[in-house]
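# Report on the structure
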Amino acid sequence: MPLSFYKYQGTGNDFVMVDNRKMIFPASDEQMIKHLCDRRTGIGADGLILLQDHDEYDFEMVYFNADGRLGSMCGNGARCTVRFAKQLGVIEDVAYFLAADGEHQATIEREEIQLKMGDVTGVERIGEDFYLNTGSPHYVRFVDNVRDLDVYAEGRAVRYNDRFEAKGTNVNFVERLSEDTIYVRTYERGVEDETLSCGTGVTACALVAGMRGMESPVRVKTPGGNLQVSFEQHGDNFRYVYLTGPARLVFTGTVPLPEKV
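Residues numbered from 1 in each chain as written. Predicted model: local features only at pLDDT ≥ 70, side-chain atom pairs only at ≥ 80, totals over all residues. Heavy atoms only, no water.

## Overview of the overall build of the chain
Rules: Secondary structure follows DSSP: runs of H or I at least 4 residues long count as helices, runs of E at least 2 residues long count as strands, and numbering of each begins at the N terminus. Here the globule rule is a power law, 2.2 Å times the number of residues to the power 0.38, and the radius of gyration is based on C-alpha atoms. Remark: exposure states derive from per-residue accessible area (1.4 Å probe, protein chains only) relative to the maximum for the residue type, with buried under 20%, exposed over 50%, and partly exposed in between. Every residue pair with non-hydrogen atoms within 4.5 Å of one another is taken to be in contact. Areas reported here follow the Shrake-Rupley algorithm with a probe of radius 1.4 Å; residue values treat only the protein chains shown as occluding. In this count, Lys and Arg are taken as positive residues and Asp and Glu as negative ones, while His and the chain termini are left out. For the purpose of locating charges, the reference atoms are NZ of Lys, CZ of Arg, CG of Asp and CD of Glu.
What the chain contains, in helices and strands, is four helices and 17 strands. Its C-alpha atoms give the chain a radius of gyration of 18 Å, within 12% of the compact-globule value 18 Å for 261 residues. Considering only C-alpha atoms, the chain reaches an extent of 55 × 40 × 25 Å along its principal axes. Put simply, the chain has 261 residues, and 52% of those count as buried. Put simply, 62% of the contacts in the chain that link residues at least 6 apart link residues at least 24 apart. Entry remark: accessible area of the chain is about 12100 Å², with carbon and sulfur atoms responsible for 43%. Looking at the chain, you have 28 positive and 40 negative side-chain charges, and the mean spots of the two groups are 3 Å apart.

## Here's the deal with unusual backbone geometry
That bond from S216 to P217 is cis: its omega, 0°, falls within 30 degrees of zero. One can find P217 in the loop between helix 4 (199-211) and strand 14 (218-222). Even without glycine at this site, E192 takes up a positive phi of about 60°. Mapping E192 onto the fold places it in the loop between strand 12 (181-188) and strand 13 (193-195).

## Focus: the nonpolar core
Operational definition: What makes a nonpolar core is a set of buried Ala, Val, Leu, Ile, Met, Phe, Trp, Tyr and Cys residues whose side-chain atoms join them at distances within 4.5 Å.
In this structure, F59, M61, V82, F97, V140 and I182 are the most contacted members of the largest nonpolar core, which totals 51 residues. Residue contacts for I182: discarding those within four places in its chain leaves V174, E175, R176, L177, C205, A206, A209, M214, V218, R219, V220 and K221.

## Considering the packing of aromatic side chains
Worth spelling out the cut-off: Stacked, edge-to-face and tilted labels apply to pairs of Phe, Tyr and Trp rings (six-membered ring for Trp) whose centres lie within 6.5 Å, assigned for plane angles under 30 degrees, over 60, and everything in between, in that order. Charge-over-ring contacts are defined here by two conditions on Lys NZ or Arg CZ: a distance within 6 Å of the ring centre and an angle within 35 degrees of the ring normal.
By the definition in use, this model includes nine aromatic pairs. When the ring of F5 is compared with that of F251, the centres are 6.0 Å apart and the planes differ by 85°; the resulting orientation is edge-to-face. One end of the pair, F5, is in strand 1 (residues 2-10); the other, F251, is in strand 17 (residues 248-256), and 246 residues separate them in sequence. Of the residues examined, F5 reaches a relative accessible area of 6% and is grouped as buried. When the ring of Y139 is compared with that of F164, the centres are 5.9 Å apart and the planes differ by 80°; the resulting orientation is edge-to-face. Of the two residues, Y139 sits in strand 10 (residues 137-142) while F164 sits in the loop between helix 3 (151-159) and strand 11 (170-176), which places them 25 residues apart along the sequence. Since its relative accessible area comes to 6%, Y139 is described here as buried. On the basis of relative accessibility, which here comes to 5%, the residue F164 falls in the buried class. Here a set of aromatic residues connected by ring pairs shows up, and it is made of Y6, Y8 and F84. The lysine or arginine in question, R147, covers the ring of Y183, its NZ or CZ lying 4.2 Å from the ring centre.

So this is what it looks like as structure tokens:
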């Protein structure tokens, strides 16, 4: 049977979205998912997301990295899933849903979606850099002139160092542009390349910016668009963390699912 899919993007972070409420998608087939995300031989995306029914929530979001493996929390993907859920008639303008890191709430406000992220504790300092988990692990480094940085080479060097090689980490490079604005570029594990935006990465960078003296909300520019992160800070701990930004449908279609890829 051909697979019906929806392509969504949130600030350039793009996803293949599948309505899997009937549980017919072969979610255990890593090679199939990798094939669908391939930009030359498949649909092309940074990841694949299944929207599924859940007894206690409006829906469950199941996220896979572009390498076909089950992923952790994805902030941009979550906003896209909320928009997708509204398109399917699963929700109106408010969503309570389950993701890899637990429950989340989101509100649709015209073009933008405000997503409540999890509380963040235990920020680690590594020299001048930072390491924290915002639903996914993130390494954060402040730099000068981030637009000219070789994010692929610099990010890969951190992601595959002795500490992070086994489980991986996302690597973010940040430049402070003004009193309330930062610019972020991210190397994502699972994609193993720079993406145009990373929601959990943007969140991590904004929280670190808060530790470095910036006040909430922090405006964030990425190669794929603009986001905003607000939070309540208590030293190195954060709660009431919200990621706000757009999520848009790109196109819909069908694709054959070969028995073997």
